[in-house]
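What the coordinates show
Take a look at the letters that make up each chain.
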Amino acid sequence: MLPIKGPSTRFIGYLIPMIFFCLLPLWVKEAYYLHIFIEIGIYSIAALGIRLVLTSGQWNFGQAGFMAIGGYTSSLLVLDLGWPPLWATLPVASLFATLVGLAVGYPALSTKGIYFAMITLCLGLVVRQGIITFPGFTGGLIGLYGVPAPTPIPFMGALGNWVVSKVPAYYTILGLLALTLVVMHRIDRSRLGIVLRSISENETLAKSAGINVVKYKLIAFVIASFFGGLAGAFSVHYHMLCHPDSFSLWDSIFMVLYVVFGGVGSIFGAVLGTAVLISATELLRFTGAFRMVIYASIMIVTILFLPKGLISLPQAVREGIAKLRGR
Amino acid sequence: MEFSLLMQVMVNTAMLTGVYVLIAVGLNLIFGILKIIQFAHGQLYMMGAFMVYILVTGLGLNFYLALPVAALIVGLASLVIERFFYRPLKGDVLPSLLMGVALLVGLEGSFQLIFGAQEKYIENPLPKVVKLFGVSVPEARLLILVVAIASTIAVYLFLRRTKMGQAMRALTQDPEAASLQGINVNQIRAIGFAIASALAGVAGGLMLPIAYVTPFIGSPMVIKAFLIVILGGMGSLPGAVLGAFILAAADSFGFTFWGPVAALIGYLLVIVMLILRPRGLFGASY
Amino acid sequence: MVLMKVEGVTKYFGGLPALSEVDFEVHQGEILGLIGPNGAGKTTLYNVVSGLYQPTKGRIVYKGQDITRLPSHEVARRGIVRTFQMAELFKGMTVFENTMVAHHLHSREGIWGGLFNTATARRDRAEIEQSVMEILEFMQLASVKDELAKNLPHGYQRALGVAIGLAARPELLLLDEPVTGMNPTEATTFMDILRRVRDERRITLMLVEHNMRTVVGICDRILVLSFGKKIAEGLPREITKNKNVIEAYLGVKEIAA
């Protein structure tokens with residue numbers, strides 16, 4: 001039984017962190033740390049898509065595939081058709097990913113939950129394999145060369161240049177993340193949100209109450225694909241690289257992990273989980289293979305002792321103290 | 001196409017089928033009895049290969065002796081995994097899935113720490129080539145197939161003829177009824193898990209002479225195993241065998257003759273299969 | 001006026017007939033009882049009517065339209081809503097939310113409206129809230145509206161099951177053992193509520209129940225199933241004297257003096 005929480009965070013709860021993050025580059029100037037934030041931003045957006053699908057009770061193990069679709073579409077539009085990178089291509093790439101989500105989701109969602117999860121897993125594999133199979137078009141296993149960074153932001157001088165500074169990427173992803181958070185928050189509070197939750201709570205009852213379960217699952221899935229494509233498109237222009245290994249099955253699985261680790265069903269949890277695990281991966285990178293072990297240990301401890309995810313830590317602590325007191 | 005190439009590919013298919021069967025049967029067994037998706041199953045394959053490596057190069061043990069010893073070690077290790085990492089989750093599908101991923105990462109990392117990332121080889125104890133039906137078959141590859149066939153038959157007989165095997169089948173059908181009948185559910189689950197893991201370990205050991213071992217050989221294997229289980233149907237032994245064969249054939253023929261597009265079509269077919277006949281070729285419907 | 005006609009409905013599971021050639025009509029404004037020994041096929045019949053199962057043979061006509069092949073959410077939209085035996089609820093949601101979900105059918109808030117919190121969406125939501133509160137008050141659940149469904153005592157859970165049914169604005173409500181297990185006082189109160197559902201809200205009811213006294217007390221007509229077949233249909237006083245019915249329930253051929 002998934003402990004999907006209803007919307008409970010007030011909007012003000014988002015405002016303060018937002019201000020903090022807007023001002024962050026004033027203190028943190030090192031490119032490496034900004035890079036970590038940017039990576040967190042990218043994967044949070046994709047993870048939030050996964051989380052949305054999760055509120056309807058479905059598991060999406062193919063989000064990296066949608067990121068790849070977004071990334072490759074954007075790269076190809078720029079490299080082959082000469083479109084200005086990112087600003088023009090981002091919406092189109094995201095929309096294309098959305099269409100794929102629609103096309104695949106519609107037949108896939110008519111199947112039972114566990115099969116849908118497997119279909120999404122295979123979908124990620126199909127996308128990657130498709131990239132490898134047509135190297136003339138996609139650069140295959142070598143990837144696409146020379147994916148350009150977006151054009152520099154005029155009024156920011158050197159800081160506005162994507163190649164030289166991480167700042168424009170940071171603010172762009174912050175903006176995109178903010179947008180994603182607003183959308184997710186609003187959905188949760190809307191009729192769509194409550195319908196999705198009811199589907200995950202009790203699908204049969206939802207059907208009997210007149211809810212077209214497949215349609216709503218599809219809506220969630222399509223929205224998730226949109227944000228997956230969005231994250232992927234941003235990612236390729238930020239990294240200036242478009243390569244199939246950036247969008248592997250393990251990325252998909254890890255993103256699901258981020259959501260669950262942080263706290264299933266909670267928007268904040270999804271971002272928190274992503275932040276913690278990506279930071280851990282990055283910061284522990286210097287320890288080589290050690291980081292895999294530490295990473296795994298963190299996960300194992302959380303799974304065993306905090307099954308509701310990181311976000312339930314305060315509650316678990318409170319309960320633990322209460323238990324000790326009660327003795 | 002050249003006859004000898006075709007024969008070579010067929011030999012390869014047979015060998016791969018053997019490997020895949022050993023792994024898929026185990027995964028299927030775990031899924032049937034414990035109802036969990038053991039994502040770290042591939043790591044037991046990796047561990048088996050490492051154990052054989054250590055036993056042969058470190059202790060100078062004979063390869064044929066090292067195999068069962070390695071299987072035993074892997075089986076025991078898997079008991080620890082089941083008891084301390086999976087059992088506390090009480091069969092919850094989702095946490096088990098995540099635990100599997102965590103274990104996968106953890107085991108890969110641990111082995112990398114201990115052994116490093118370099119490929120490790122052993123000398124092929126069966127370097128000879130045997131002539132079967134006019135085709136040259138390396139003995140090492142033949143061994144894999146032989147062991148796979150023997151193991152599958154053994155598992156089949158075990159499940160059908162022994163009390164414990166029947167208890168396992170009862171668990172697959174109806175866990176609640178089984179426990180009410182006095183079957184020690186935890187014990188049966190642990191043993192099933194160990195057997196499945198040992199099979200995977202044996203597969204790893206058998207592959208060592210003709211390939212190599214690194215900490216990373218487990219991950220791709222588990223994905224293949226899942227595709228097989230999906231294709232063949234979860235919880236079905238003949239399904240696992242057939243699925244293994246199909247995948248092995250696809251991998252060998254497809255790769256040799258058609259390149260990456262074979263895999264693409266393969267994955268697409270799996271998706272179509274999941275939509276149209278999700279229970280696989282032989283699986284029972286949910 | 002005939003609201004629904006069930007014609008020759010047969011349902012096989014594997015080789016076993018759960019329902020055989022079941023024929024009956026539901027008249028608008030009545031309370032129709034559906035009784036029969038365990039395993040007679042009552043819940044199966046509900047499942048077929050509500051679209052959860054497809055019948056092997058036969059059809060269901062509702063207000064002149066053939067609804068046999070429709071999926072359950074479509075059937076609910078047309079006006080036939082069912083409740084479940086074990087009071088199926090959205091356990092992790094509050095009483096209020098449970099009821100509100102079912103109301104969604106009739107909400108005009110679209111996806112974009114929800115996203116941008118338009119004035120129309122807000123007005124729509126206010127209307128729904130009012131409507132939901134009205135239903136909760138009717139079912140005497142208003143006091144617990146913010147409780148999680150899983151924390152409710154049994155009787156309240158049953159009431160919530162009915163509230164969810166009502167929120168879907170049915171014309172025909174199929175109730176599955178709403179009072180089984182309740183003590184006589186609770187059951188009587190519940191039955192009064194059901195009468196009010198029919199009288200005040202103009203909803204036709206079908207009622208599966210085991211307690212004969214309850215059924216006879218409230219139903220206008222009764223339908224009896226046994227082993228998937230209809231063995232009697234008529235007024236309560238006829239049914240209680242019907243030999244086939246008594247035999248099906250008691251297994252005796254003679255009426256005890």
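Scoring rules and cut-offs
- Residues numbered from 1 in each chain as written.
- Chains lettered and ligands numbered in written order.
- Predicted model: local features only at pLDDT ≥ 70, side-chain atom pairs only at ≥ 80, totals over all residues.
- Helix = DSSP H or I, 4+ residues; strand = E, 2+ residues; numbered from the N terminus.
- Rg over C-alpha atoms; globule rule 2.2 N^0.38 Å.
- Buried ≥ 20, exposed ≤ 12 C-beta atoms within 10 Å, placed from the backbone.
- Contact = placed C-beta atoms within 7 Å.
- Pairing = 2+ DSSP bridges.
- Axes fitted to C-alpha atoms, helices over the stretch in contact; angles between N-to-C directions.
- Nonpolar A, V, L, I, M, F, W, Y, C, P; charged D, E, K, R; others polar.
- Left-handed = near helix turned anticlockwise from the far one by under 90°.
- Core = buried A, V, L, I, M, F, W, Y, C linked by C-beta atoms within 7 Å.
- Domains from an automatic or database assignment.
- pLDDT = per-residue confidence, 0-100.

Looking only at helices and strands, one finds 14 helices and zero strands in chain A. In sequence order, the secondary structure elements of chain A are arranged as α-α-α-α-α-α-α-α-α-α-α-α-α-α. Here chain A has a C-alpha radius of gyration of 20 Å; the compact-globule value for 327 residues is 20 Å, and the two agree. Along the first, second and third principal axes, the C-alpha atoms of chain A reach 65 × 45 × 40 Å. Every one of the 327 residues in chain A was classed for burial, and the buried ones make up 54%. Long-range contacts, defined here as pairs at least 24 residues apart, represent 76% of the contacts in chain A between residues at least 6 apart.

Take the sheet that holds strand E6 (residues 80-82) of chain C next. Residue and element names in this part refer to chain C. With mixed pairing, the six strands of this open sheet are ordered in space as E6-E7-E8-E3-E9-E10. Since the sheet does not close on itself, it has two edges, and those belong to E6 and strand E10 (229-234), each with one partner. The average undirected angle you get between the axes of adjacent strands in this sheet is 20°. Relative to strand E8 (residues 204-208), strand E7 (residues 172-176) runs parallel, the two sharing five bridges. Note that in E8 the partner of Leu175 across the bridge is Leu207. This element, helix H1 (residues 42-49), spans strand E3 (31-35), E6, E7, E8 and strand E9 (221-226) of the sheet and lies at about 150° to E7.

This part covers the interface of chain B and chain A. With 29 residues of chain B at the interface, the matching set in chain A holds 31 residues. Of all the secondary-structure elements, those providing two or more residues to the side of chain B that touches chain A are helix H4 (93-115), helix H9 (218-232) and helix H11 (260-276) of chain B. Top contributing element to the side of chain B that touches chain A by residue count: H4 of chain B, with 13 residues. Looking at the side of chain B that touches chain A residue by residue, the class counts come to 24 nonpolar, four polar and one charged.

Moving on, we come to the interface of chain C and chain A. Opposite the 27 residues of chain C that make contact, chain A presents 24 residues. Where the side of chain C that touches chain A is concerned, the elements lending two or more residues are helix H2 (72-78), E6, helix H3 (95-103) and helix H4 (111-116) of chain C. Considering only residue class, the side of chain C that touches chain A consists of 13 nonpolar, eight polar and six charged.

Residue and element names in this part refer to chain B. Running from N to C, helix H1 (residues 3-34) and helix H5 (residues 139-161) point in directions that differ by 35°, and their axes come no closer than 8 Å. Between H1 and H5 lies a crossing whose hand is left-handed. In contact with Val11, Ala14, Met15, Gly18, Val19, Val21, Leu22 and Val25 of H1, H5 contributes Arg141, Ile144, Leu145, Ala148, Ser151, Thr152 and Val155. Here the residues of the contact of H1 with H5 sort into eleven nonpolar, three polar and one charged.

Residue and element names in this part refer to chain C. Pairing of strand E1 (residues 2-13) with strand E4 (residues 57-62), which is carried by five bridges, proceeds in the antiparallel orientation. Each bridged residue has a counterpart across the sheet, and for Lys5 the counterpart in E4 is Val61. Where E4 lies against strand E5 (residues 65-66), two bridges are found, and the strand directions are antiparallel. Pairing of Tyr62 across the sheet is with Gln65, part of E5. Taking the residues between adjacent antiparallel strands as the criterion, E4 and E5 are bridged by two residues, where Lys63 takes a positive phi near 50°.

It is characteristic of soluble globular proteins that their nonpolar side chains tend to be buried jointly. Formed by 283 residues in total, the largest nonpolar core has its most connected members in Leu257 of chain A, Ile23 and Ala24 of chain B together with Ala163 of chain C. No other element matches helix H10 (residues 213-239) of chain A, which puts 17 residues into this core. Lining this core are residues from two domains, each supplying at least three of them: domain 1 (2-79 + 170-250) and domain 2 (90-153) of chain C. Look past the residues within four positions of Ala24 of chain B in its chain and what remains in contact with it is Ala225, Ile228, Val229, Ala240, Gly243 and Ala244 of chain B.

Positive phi, normally seen in glycine, also occurs at Lys35 of chain B, with a value near 55°. Within the element layout of this structure, Lys35 of chain B appears in the loop between H1 and helix H2 (41-58). Positive phi is not limited to glycine here, since Glu21 of chain C has a value of about 50°. By the element assignment, Glu21 of chain C lies in strand E2 (residues 16-27). Judged by local crowding, Glu21 of chain C falls into the partly exposed class, with 14 C-beta atoms found within 10 Å.

Another aspect to go through is the sheet that holds E5 of chain C. Strand pairing in a sheet relies on backbone hydrogen bonds, with the paired strands running either antiparallel or parallel. Residues and elements named next belong to chain C. Taken in spatial order, the four strands make up an open sheet running E2-E1-E4-E5, and their pairing is antiparallel. In the strand order of this sheet, the two ends are held by E2 and E5, each with one partner. Sheet strands in contact with H1 are E1, E2 and E4, and its direction is about 65° off that of E2.

For chain A, per-residue confidence averages 83 on the pLDDT scale, and 92% of positions sit at 70 or higher. In this model residues 1-9 of chain A is a low-confidence stretch, pLDDT under 50, and it forms 21 contacts with partners more than four residues away in sequence or in other chains.

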